[in-house]
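Architecture and fold: a report
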Amino acid sequence: ATPTSIMVGTGRGAELGVLFRKGEALQLLKDAKVVAVDKTGTLTEGRPALTDLQIEPGMERARVLALVAAVEAKSEHPIARAIVEAAEAEGLTLPLVSAFESVTGRGVTATVDGEAVQIGSDRYMGELGLDVGVFAAAAGRMGDEGKTPLYAAIGGRLAAIIAVADPIKASTPAAIAALHGLGLKVAMITGDNRRTAAAIARQLGIDEVVAEVLPDGKVEAVRRLKGEHGRVAFVGDGINDAPALAESDVGLAVGNGTDIAIEAADVVLMSGSLKGVATAIALSRATIGNIR
Ligand code: ADP
Ligand code: MG
């Protein structure tokens, strides 16, 4: 490609809401084999809502929700906001929290009303030595519905299973169809529960799922996809996506994403939707030629 064609392609991209921060991205995208996509905030709205709260016998619902929401009020995770909003909707007063800590990729812990409170994944509960087996059927059903099951422990005892659901963006199904139309494979990489991720992938016709990855695992997943398929484009929005954006051959950040993701990306999708990925690839093929 000539410098002029790169300039023309970059300018055309800008008109279409696809900002090429590096001319190299325009050259590389045409040969992408796989588009790997973060789930939360990229495929989905990134605004989960609480859908289920099932309490263990002997525990009081309002108290469990108040303690859990009090802890989550200290967390920045989208899941946390869903839980706090649910408690607020019920008019609950949130008690004071001390010793708050977030446990990366697992959940949160703090002391409330003199009791240890933990909220997080089944992996986290396992690490705390708690068996979530009593909720196995509920968790399986929630996961199959595309909801994320979480657990709450109070005073070292399993207290509840909570589910949150994050709606798929209206623009996502057409964006995936467009990528398939261009002959690409679409993979999902997520920290979320395996069954939840599989349910969402099934709904969207996504070809490959890597779930329950810890933040470092996204980089490893990208590296593996590169080894297996060839050139990989990664699309994400979050702070935790920055390393995978850098590791991929072409990193694309959705425009409503965090500054750190945008900084790490080669391409910014101003529409905030995944549709821009197919646009960017089509533009690369048209500009650089060599459509195979
Ligand atoms: P993702 O953003 O892809 O879901 P994260 O690494 O942020 O990945 O989170 C992985 C999992 O850790 C979540 O699905 C959830 O089970 C648990 N988790 C993380 N933060 C919280 C939180 N504040 N409250 C409850 N669970 C959490
Ligand atoms: Mg995300």
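Above: the structure in question.
The shown structure was predicted, so the numbers you read here are calculated from the model rather than taken from an experiment.

Concerning the overall build of the protein
Secondary structure assignment for the protein yields 13 helices and 13 strands. Relative to a compact globule of 292 residues, whose C-alpha radius of gyration would be 19 Å, the protein shows 21 Å and is just as compact. Seen along its three principal axes, the alpha-carbon backbone of the protein occupies a region of about 70 × 30 × 30 Å. Within the span of the protein, comprising 292 residues, buried residues form 46% of the whole. In the protein, once contacts between residues fewer than 6 apart in sequence are set aside, the share between residues at least 24 apart is 61%.

Some thoughts on the site of ligand 1
Close to ligand 1 lie 20 residues; Ser75, His77, Gly105, Ser121 and Gly191 are nearest. Among the secondary structure elements, those contributing two or more residues to the shell around ligand 1 are helix H3 (39-43), helix H5 (78-89), strand E5 (107-112), strand E6 (115-120) and strand E7 (148-154). Classifying every residue of the shell around ligand 1 gives six nonpolar, ten polar and four charged.

A word on the pairing of E7
Along E7, seven of the seven residues are buried, which leaves the element largely enclosed by surrounding structure. Across the two faces of E7 the burial is the same, with Thr148, Leu150, Ala152 and Ile154 and Pro149, Tyr151 and Ala153 all buried. In this structure, E7 lies alongside strand E8 (residues 157-165), joined through seven bridges in antiparallel fashion. If you follow leucine 150 over to E8, its bridge partner there is isoleucine 162. Taking the residues between adjacent antiparallel strands as the criterion, E7 and E8 are bridged by two residues, where glycine 155 takes a positive phi near 60°.

The rules behind the values
Residues numbered from 1 in each chain as written. Chains lettered and ligands numbered in written order. Predicted model: local features only at pLDDT ≥ 70, side-chain atom pairs only at ≥ 80, totals over all residues. Helix = DSSP H or I, 4+ residues; strand = E, 2+ residues; numbered from the N terminus. Rg over C-alpha atoms; globule rule 2.2 N^0.38 Å. Buried ≥ 20, exposed ≤ 12 C-beta atoms within 10 Å, placed from the backbone. Contact = placed C-beta atoms within 7 Å. Near = placed C-beta within 6 Å. Nonpolar A, V, L, I, M, F, W, Y, C, P; charged D, E, K, R; others polar. Pairing = 2+ DSSP bridges.

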